Amino acid sequence: MIRNAMQDRTASELLNIREAAEFLRVSETSLRRWTNAGRLPCVRIGGRRERRFRRSDLLAFVGGGGEPRLRGPLPNHFCGLYTSDLSRARAAATFLAAGLRGDALCFLVARRDVQRAVIEVLGRDVTLDRLVMAEFRDSASAQIEFFRAGLGDAVRDGASRMQLVGDVSGGALGRLPFAEILELEAEFTRSIARQFPVMSLCLYDARRISGVEVAGLAQQHDGGLH
């Protein structure tokens, strides 16, 4: 019974082919072609061997430039909602692991206790020599300048692909009025996400924000809510 429960939980965390196609903004035909060619991992379930996809595999595929987009540019600014400390650490670790297993330089911006929790979830499966950790600055303008300077230095040092996780609710910026946080996200898109080769995941505590605020976050993230 325990094994069946674990299998049910794993299946519920997977995307079907329609959901994965919407996530990547491509056709289902392209997904079938990429999985048949071994370019994109998938899980086969049931007697019909239907395809299921992990979000981490899809993010890694996008970050690695696995295949050109059929419609529009690749999304690179994602928003994640968490409801517990553990789900926050798992979301951050999953996103960062995809980059650390590839060739991305990764950044984790969060309180130190959150950093420790994420590292614990990452475990020993990945090396951390390309993981840079920092805490949030006290103002939106200082944070944008921190991102601009840090990512700019990384590019000058040869980084061609970067992944960034920021626990916005848990840092100093989480105490700002939500309107200012939305302005920060808009400025991040304008001056950071469009200028640097970076894929970012902004994490928010779903227990502290309203439905209207969630809708505002969805508008500021081209990768949508996850």
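The coordinates are above.
Residues numbered from 1 in each chain as written. Predicted model: local features only at pLDDT ≥ 70, side-chain atom pairs only at ≥ 80, totals over all residues. Heavy atoms only, no water.

Colleague: Could you give me a rundown of the pattern of salt bridges, with the residues and numbers involved?
Modeller: One pass over the full model with this rule turns up 13 salt bridges. Between R54 and D57 there is a salt bridge whose closest N-O contact spans 3.5 Å. By relative accessible area, which is 41% here, R54 ends up partly exposed. Three or more residues joined by partner-sharing salt bridges are found here, namely R48, E50 and R52. (Salt bridge = Lys/Arg side-chain N within 4 Å of Asp/Glu carboxyl O. Buried < 20%, exposed > 50% of the residue type's maximum accessible area, 1.4 Å probe, protein only.)

Colleague: So what's going on with the nonpolar core? Which residues, and what values?
Modeller: For soluble globular proteins, nonpolar side chains are generally found buried alongside one another. Of all hydrophobic cores here, the largest spans 37 residues; its most connected members are L24, L31, L58, V118, L122 and V165. Sorting the residues of this core by element identifies helix 2 (17-24), helix 3 (28-36), helix 4 (55-63), strand 4 (77-82), helix 5 (85-100), strand 5 (105-109), helix 6 (112-122) and strand 8 (198-205) as the ones contributing at least two each. Ranked by residues supplied to this core, first place goes to helix 5 with 7 residues. Excluding anything up to four places from it in sequence, V118 contacts A89, A92, A93, L96 and L108. (Core = buried A, V, L, I, M, F, W, Y, C linked by side-chain atoms within 4.5 Å. Helix = DSSP H or I, 4+ residues; strand = E, 2+ residues; numbered from the N terminus. Contact = heavy atoms within 4.5 Å.)

Colleague: Outline the sheet that holds strand 7 (residues 162-167), supporting the account with residue identities and numerical values.
Modeller: Judged by pairing direction, the sheet is parallel, and its 5 strands sit side by side in the order 4-8-7-5-6 without closing on themselves. What marks the edges here is a single partner per strand, and that holds for strand 4 and strand 6 (131-134). With strand direction ignored, the average angle separating the axes of adjacent strands in the sheet is 15 degrees. Note: strand 4 against strand 8, 6 bridges, orientation parallel. Considered in strand 8, the bridge of C79 is made with C202. The strands touched by helix 6 within the sheet are strand 5, strand 6 and strand 7, with strand 6 carrying the most contacts at an inclination of about 155 degrees. Against the sheet, helix 7 (residues 140-156) makes contact with strand 5, strand 6, strand 7 and strand 8, and its axis sits at roughly 160 degrees relative to strand 5, the strand it touches most. (Pairing = 2+ DSSP bridges. Axes fitted to C-alpha atoms, helices over the stretch in contact; angles between N-to-C directions.)

Colleague: I'd like to hear about helix 2, residue by residue, with values.
Modeller: Of the residues making up helix 2, those classed as buried are I17, A20, A21, F23 and L24. All buried residues of helix 2 lie within an arc of 160 degrees about the axis, which places them on one face of the element. Where helix 2 starts, the residue carrying a side-chain oxygen 3.1 Å from the main-chain nitrogen of R18 turns out to be N16. In the segment just after helix 2, R25 is the residue with positive phi, at about 60 degrees. (Arc of directions from axis to C-beta. Polar contact = N/O pair within 3.5 Å; in protein donor to acceptor, adjacent residues only side chain to side chain.)

Colleague: Describe the packing of aromatic side chains, listing the residues and the values that go with them.
Modeller: For any two aromatic rings, the description comes down to two numbers: the centre-to-centre distance and the angle of the planes. Using the criterion set out here, one finds 3 aromatic pairs in the structure. Ring centres of F146 and F147 lie 5.9 Å apart, and the angle between their planes is 55 degrees; on these two criteria the pair is classed as tilted. Taken together, the aromatic side chains of F146, F147 and F188 make up a single cluster linked through ring pairs. (Phe/Tyr/Trp six-rings, centres within 6.5 Å; stacked < 30°, edge-to-face > 60°.)

Colleague: Could you give me a rundown of the sheet that holds strand 3 (residues 50-53), with the residues and numbers involved?
Modeller: Taken in spatial order, the 3 strands make up an open sheet running 1-3-2, and their pairing is antiparallel. The strands lining the two open edges of the sheet, one partner per strand, are strand 1 (15-16) and strand 2 (43-45). Judged from the 2 bridges that link them, strand 1 and strand 3 form a sheet pairing that is antiparallel. The residue bridging N16 from the neighbouring strand is R52, located in strand 3. The sheet contacts of helix 3 involve strand 2 and strand 3, and relative to strand 3 the element is tilted by about 90 degrees.

Colleague: Describe the packing of helix 5 against helix 6, with residues and values.
Modeller: It is at 8 Å that the axes of helix 5 and helix 6 come closest, and there the two elements cross at 60 degrees. With respect to helix 6, the axis of helix 5 lies oblique. In the packing of helix 5 onto helix 6, the handedness of the crossing is right-handed. Contacts from R88, A89, R90, A92, A93, L96, A97 and L100 of helix 5 reach helix 6 at V114, A117, V118, V121 and L122. (Parallel < 35°, antiparallel > 145°, perpendicular 65-115°, else oblique. Left-handed = near helix turned anticlockwise from the far one by under 90°.)

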